[in-house]
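Residues per chain are reported as follows:
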2 protein chains.
Amino acid sequence: MASKDSEKLEIMRHSAAHVMAEAVLSIFPEAKFGIGPAIENGFYYDFDLPRSLTVDDLPLIESKMREIIAANVPFTREEVTKKKAKALFADQPYKLELIDEIPDAKVSLYQEGKFLDLCRGPHIGSTGEIGAFKLLSIAGAYWRGDEKRPMLQRVYGVAFDTEEALAEHLNKLDEAAKRDHRKLGKELDLFSLHEEAGPGLVHWHPKGAVIRRIIEDFWKDEHIKRGYDIVYTPHIAKLNLWKTSGHWEFYRDYLYSPMEVEGQEYIIKPMNCLGHILIYKTSHHSYRELPLRYAELGTVYRYERSGVLHGLSRVRGFTQDDAHIFCRFDQLEDEVAGVLDLAMFMVDTFGFSDYQIFLSTRPEKYAGDTKVWEEATDTLSRALTRQGLEYSVDPGEGVFYGPKIDIKFEGWQGPTIQVDFNLPSRFDVSYTGEDGQEHLVAMVHRTVLGSMERFLASLIEHYAGAFPVWLAPVQAMVIPIADRHLDYARKLEAELKNDGVRAEADARSETVNLKIRRAQLNKIPYMLVVGDKEVQASTVSVRLRSGEKIDSQPFASFKKSIKAAIASRSAGLQLD
Amino acid sequence: MASKDSEKLEIMRHSAAHVMAEAVLSIFPEAKFGIGPAIENGFYYDFDLPRSLTVDDLPLIESKMREIIAANVPFTREEVTKKKAKALFADQPYKLELIDEIPDAKVSLYQEGKFLDLCRGPHIGSTGEIGAFKLLSIAGAYWRGDEKRPMLQRVYGVAFDTEEALAEHLNKLDEAAKRDHRKLGKELDLFSLHEEAGPGLVHWHPKGAVIRRIIEDFWKDEHIKRGYDIVYTPHIAKLNLWKTSGHWEFYRDYLYSPMEVEGQEYIIKPMNCLGHILIYKTSHHSYRELPLRYAELGTVYRYERSGVLHGLSRVRGFTQDDAHIFCRFDQLEDEVAGVLDLAMFMVDTFGFSDYQIFLSTRPEKYAGDTKVWEEATDTLSRALTRQGLEYSVDPGEGVFYGPKIDIKFEGWQGPTIQVDFNLPSRFDVSYTGEDGQEHLVAMVHRTVLGSMERFLASLIEHYAGAFPVWLAPVQAMVIPIADRHLDYARKLEAELKNDGVRAEADARSETVNLKIRRAQLNKIPYMLVVGDKEVQASTVSVRLRSGEKIDSQPFASFKKSIKAAIASRSAGLQLD
């Protein structure tokens, strides 16, 4: 039923694209047409027009579309020979190209009003069946996605059954736009990207760096508590090392070109694993020493086409919250369970929910032994069950070197845990067993946050920039009502700072309302407004960034509350 | 007088080289001789011998030398024509080559006993005048330092006036060898370098990384207290940016070769300044916002010849404790004074002393205006005076872009503060003044520790690996006397860890003495030995790594003391 509904909706959206094309034709009789499919939530059509469209053109096109819809003209289908079709589309070069590529003897055409299109269909009966729609945007699109072909103008629209559904969707888009980490990143002065330095390379501004540092410190402390060791490894290494590992062979497209030093080729590291292996191999290990867990906030560089780069969430350099566990196979279940526990702890701390867990099994091409794969996959499955986590199996979607677990969220890639049967044998990463023999270790790659860049993108959108108090770059803004209250404001600022609270006093000669407005725009959790009454009573009037006012309270009790909220990594702003 | 003494000593050392050559000739009649000069504290001679020497050969050579010295044979000088010299040295190819290169018509020869050498002199009167000496080591050395010429065997010795002076020097060498950070780094498992990854690229092991993290956290906290903002910038940037800055032109020999991304050249960053400039320039700044102080623990990569690489102190990749201050010229004195204050605070915290401060002035080739140079140099000088710091002027030793202050220590390069007149104008780094006009900022580059790598090298040697308790990778080792005391030991370990103390319990089934010995070798500040008495009384028997025993004390009071020692970054281990 749902699927039939969605099929109906898709047909309607496709028809809406035709109606838009008809509307465009009525405005630009010389228009040449590309393709016009239905897409998720709507449709687009690619046009070759005598002039560039602007968003101001969209209402006119919309109103022409409304006329066509009101006229309720039928869609009619006709099958013709390719020869006839070519005659009909003689002045439509893109359509001619499409006709030439259709293998069948005949092609189908759809007509509605004055607009005839080459189209496989199906379509709705008549234009009146089109529901609620809106044109959203215009973008350039190369004909057939080929940058050597002409650039067409693609007009995007959305269409739904009802006005309510449309309104809901537009509202969602609006909300998403407000939460867009690229927009908020600029407004809150968190980070920047610079064409001069190179696309996809993130510069963390002071306020973004505060958030990053807090997360990094929290991450490191939590890892140390759980028996990880922090390490640091260099950002470059000899290419030969990456040939031995197989990365040069398997991931070459993502690797940067080599640099040469004294006749040796080096590359900037795409992963941290090899450095950790070298550290492990510096000394000999006995079964008693395992597991060893090396964790590093390691910055790696991978090539991505400039076309796919996107704010912080798709970049060319990023800092993974990486760790590698070297253990015995009989320790693997405990280790994976431990990582899952840590992952779910982080997920909870940052207030994420609605995840899906996938266990990905052996793909067609794989390294290692089938039996070992099966055992390891079973081990992952047991660890999930033990942690009480439900999961789906993603058959054949493991990495070539081992099975993996992914915990996925909307808008956040989430933790990943991968077993590796490849590197231990390539680098002979081993330990002496109780039997006195050398055994290869079981090696686990894992990230919990993914990368600091992508995780910040997720966090910004997750919190819509209103970070919980423990993460907020500025936690409290002291706002003196008049200049004579500035000394008191400075005193509170200093006392809060002294207790590790990121406080500022707004000393500018402006109205209180303006200062409150600015603090709200900067999404500062608490504003402490202080005037005569507060100075006399040693109190503060607290305002939340939501606008909510909390009764005046002793400064000492505010300080105690905010410190408790920070220490507990509280999600809300209510003070006890 | 001192200079005359040292000249005499140098002549004696040079003569000792001849005596060593004579001794070698008596053992290897077919020996070919290279050169044999005096050097600091001693001498060497390069030999081409029928077999490789080992350190076991040194006592034999020494005893031959002692015979020659006891015989007290005279050194005699003779001047001969080059032709005659060539006849005399017909079977000494290296000497023949040297003779050919002497521009004079005649050359001077020195004879002592059976050994005749081509030598400018002067020498002592007779071999009996040679004081106390010792041969130390053998190394390979290419003839004339040219790796395409034969590899000779260089034997190093030291020589002094008296046995006491020699003993003192040998003792110093011994101490330095024990403190050598490369040796201690391995013994204490702090870091490693790997030929497979590339020379000069440091891998920080868990224990070294603990020290690094503590220092980094301390550094960041202290910077934030002093009004710095932490930032993060990428490790690669387009080459063009480094052309604009002038680095490509001025420091090309230290830069890595470019990598290519989508037709653009990128290099791995040799400095952090450009990233900080890009962040500064992201928004417009008014005079009211200055100073801005951007600090970054930024890892940079610079090419160094493999021959000069040395442990952690000369590497190819290192993490600078970098900061750039953007201020008005009228703020420069305060800012420099602030950096000096921070620098001296760090110097004190790590227990360094015996420094020399240099103010380096305008070199012959320089960027910027002479008058601005003079004003800035005066400003640096005023800041030094204001901080009560004595300094020497190093004329003409400033960087081309501005004057600088260096605080230098034996074995540690120390803090550096540099004013930069070059980058602000190249990148138009400006602010709007009170006059409404745009002005270039005064820019300061500064590091306090230098780099994490080099600083750790200095710290290891400074503390001889016995780090003060706040820096020690393991702060307390709990040592159970028998297995029945293990539970109590584990309990103390857990309680200490819970309070942030890096404690371990040594659970191995070994003797207490062995456990103590191992903890001492690992230079762990405190050993808590626990047996029946301690379990019953909830006490610990404290031993220091020096071997000193402290009376048994309640565990609670030990915990309080060690926490206080850590919090105060105490240099000593005595508990109050």
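Residues numbered from 1 in each chain as written. Chains lettered and ligands numbered in written order. Predicted model: local features only at pLDDT ≥ 70, side-chain atom pairs only at ≥ 80, totals over all residues. Heavy atoms only, no water.

Engineer: Which parts of the structure should I look at to understand the overall build of chain A?
Structural biologist: Summing up its helical and strand segments, chain A has 18 helices and 28 strands in all. Dimensions of chain A along its principal axes, counting C-alpha atoms only, are 80 × 80 × 55 Å. For chain A, the proportion of its 576 residues judged to be buried stands at 54%. Pairs at least 24 apart in sequence give 69% of the contacts found in chain A among residues at least 6 apart. On chain A, roughly 26100 Å² of surface is accessible, and the fraction owed to carbon and sulfur atoms is 48%. Positive and negative side-chain charges of chain A, numbering 73 and 87 respectively, have mean locations separated by a distance of 3 Å. (Helix = DSSP H or I, 4+ residues; strand = E, 2+ residues; numbered from the N terminus. Buried < 20%, exposed > 50% of the residue type's maximum accessible area, 1.4 Å probe, protein only. Contact = heavy atoms within 4.5 Å. Areas by Shrake-Rupley, 256 points an atom, 1.4 Å probe, with all protein chains shown as cover. Lys, Arg positive; Asp, Glu negative; His and termini not counted. Charge placed at Lys NZ, Arg CZ, Asp CG, Glu CD.)

Engineer: Any chance you could explain the interface of chain B and chain A here in plain terms?
Structural biologist: Bring the parts together and some accessible area is lost; that lost area is often taken as the interface size. Across the boundary between the two partners, chain B contributes 53 residues, which contact 53 residues of chain A. Taking both sides of the interface into account, the surface hidden between chain B and chain A amounts to around 4600 Å²; carbon and sulfur atoms contribute 60%. Three residues stand out in chain B for area buried against chain A, namely B:Arg213, B:Tyr232 and B:Glu262, and they jointly supply 17% of the buried area on that side. Taken together, the links from chain B to chain A amount to eight salt bridges. Among the salt bridges present, the one from A:Asp217 reaches B:Arg213, with a minimum N-O distance of 3.6 Å. The interface formed by chain B and chain A includes 21 residue pairs in polar contact (both at pLDDT 80 or more). Top contributing element to the side of chain B that touches chain A by residue count: helix α7 (residues 206–225) of chain B, with nine residues. Looking at the side of chain B that touches chain A, its residues break down into 26 nonpolar, 12 polar and 15 charged. (Buried area = accessible area lost by both parts, 1.4 Å probe. Salt bridge = Lys/Arg side-chain N within 4 Å of Asp/Glu carboxyl O. Polar contact = N/O pair within 3.5 Å; in protein donor to acceptor, adjacent residues only side chain to side chain. Nonpolar A, V, L, I, M, F, W, Y, C, P; charged D, E, K, R; others polar.)

Engineer: It is not clear to me how the state of the cysteines should be interpreted in this structure. Could you clarify?
Structural biologist: When the sulfur atoms of two cysteines share a covalent bond, that bond is a disulfide. In total, this model carries zero disulfides over all chains according to the counting rule given. Residue A:Cys327 stays outside any disulfide, its sulfur separated by 16 Å from that of A:Cys273, the closest cysteine. (Disulfide = S-S within 2.5 Å.)

Engineer: Would you take a moment to explain the sheet that holds strand β12 (residues 236–238) of chain A for this structure?
Structural biologist: Remark on secondary structure: sheet strands pair via backbone hydrogen bonds, oriented parallel or antiparallel. All names here are of chain A. Reading across the sheet, the three strands line up as β12-β14-β13 and stay open at both edges, with antiparallel pairing between neighbours. In this open sheet, the two edge strands, each paired with only one partner strand, are β12 and β13 (259–261). The sheet shows a mean angle of 40° between the axes of neighbouring strands, taken without regard to direction. Pairing of β12 with strand β14 (residues 264–268) involves three bridges; the strand directions are antiparallel. What sits directly across from Ile-236, in β14, is Ile-268. (Pairing = 2+ DSSP bridges. Axes fitted to C-alpha atoms, helices over the stretch in contact; angles between N-to-C directions.)

Engineer: How should the relation of the copies chain B and chain A be read in this particular structure?
Structural biologist: Here the second copy of the chain follows from the first by a rotation about an axis and a shift along it. Aligned on chain A, chain B shows an RMSD of 0.4 Å; the corresponding rotation is 179° and the shift along the axis is 0.2 Å. As the rotation angle and translation indicate, the two copies are arranged about a two-fold axis. Among all residues of chain B, the one whose C-alpha sits closest to the rotation axis is B:Met259, at a distance of 3.0 Å. The share of interface residues of chain B whose copies in chain A are also at the interface is 100%, consistent with both copies meeting through the same surface. (Least-squares fit on C-alpha atoms with pLDDT ≥ 70 in both.)

Engineer: Can you help me understand the side chain of B:Lys95 in this one?
Structural biologist: All names here are of chain B. Turning to its location among the elements, Lys-95 is positioned in helix α4 (residues 93–101). The exposure class of Lys-95 is buried, given its relative accessible area of 4%. Among the polar contacts made by the side chain of Lys-95, one reaches the main-chain carbonyl oxygen of Gly-34 at a distance of 2.7 Å. Beyond its immediate chain neighbours, meaning those up to four positions away, Lys-95 contacts Phe-33, Gly-34, Tyr-45, Phe-89, Asp-117 and Leu-118.

Engineer: How do you make sense of the confidence of the model for chain A when you look at a structure like this?
Structural biologist: Atomic detail in the predicted coordinates should be set aside for any region of low pLDDT. With 99% of its residues at a pLDDT of at least 70, chain A reaches an overall mean of 95. Predicted as a complex, the structure gets a pTM of 0.87 and an ipTM equal to 0.87. (pLDDT = per-residue confidence, 0-100.)

Engineer: Looking at this model, I keep getting lost on the pattern of salt bridges. Mind explaining?
Structural biologist: Opposite charge on two side chains permits them to pair, given that their charged atoms come into close proximity. Residue and element names in this part refer to chain A. On inspection of all chains with the given rule, the structure shows 84 salt bridges over all chains. Measuring nitrogen to oxygen at the nearest pair gives 2.8 Å for the salt bridge that ties Arg-518 to Asp-506. Of this pair, Arg-518 sits in helix α16 (residues 512–521) while Asp-506 sits in the loop between β25 (503–505) and α16, and the two are 12 residues apart along the sequence.

Engineer: Could you clarify how one ought to interpret the nonpolar core in this entry?
Structural biologist: Within soluble globular proteins, side chains that are nonpolar tend to cluster in buried spots. By size, the foremost hydrophobic cluster in this structure holds 90 residues, and its most contacted members are B:Phe350, B:Ile405, B:Phe467, B:Tyr526 and B:Phe558. The dominant element in this core, judged by the number of residues it contributes, is helix α11 (residues 332–349) of chain B, at 10 residues. Apart from residues lying up to four places away in sequence, B:Phe467 is in contact with B:Leu190, B:Ile211, B:Leu456, B:Leu459, B:Ile460, B:Ala472, B:Pro473, B:Pro525 and B:Arg545. A:Phe191, A:Leu449, A:Val469 and A:Val530 belong to the second-largest nonpolar core, a separate cluster that totals 89 residues. (Core = buried A, V, L, I, M, F, W, Y, C linked by side-chain atoms within 4.5 Å.)

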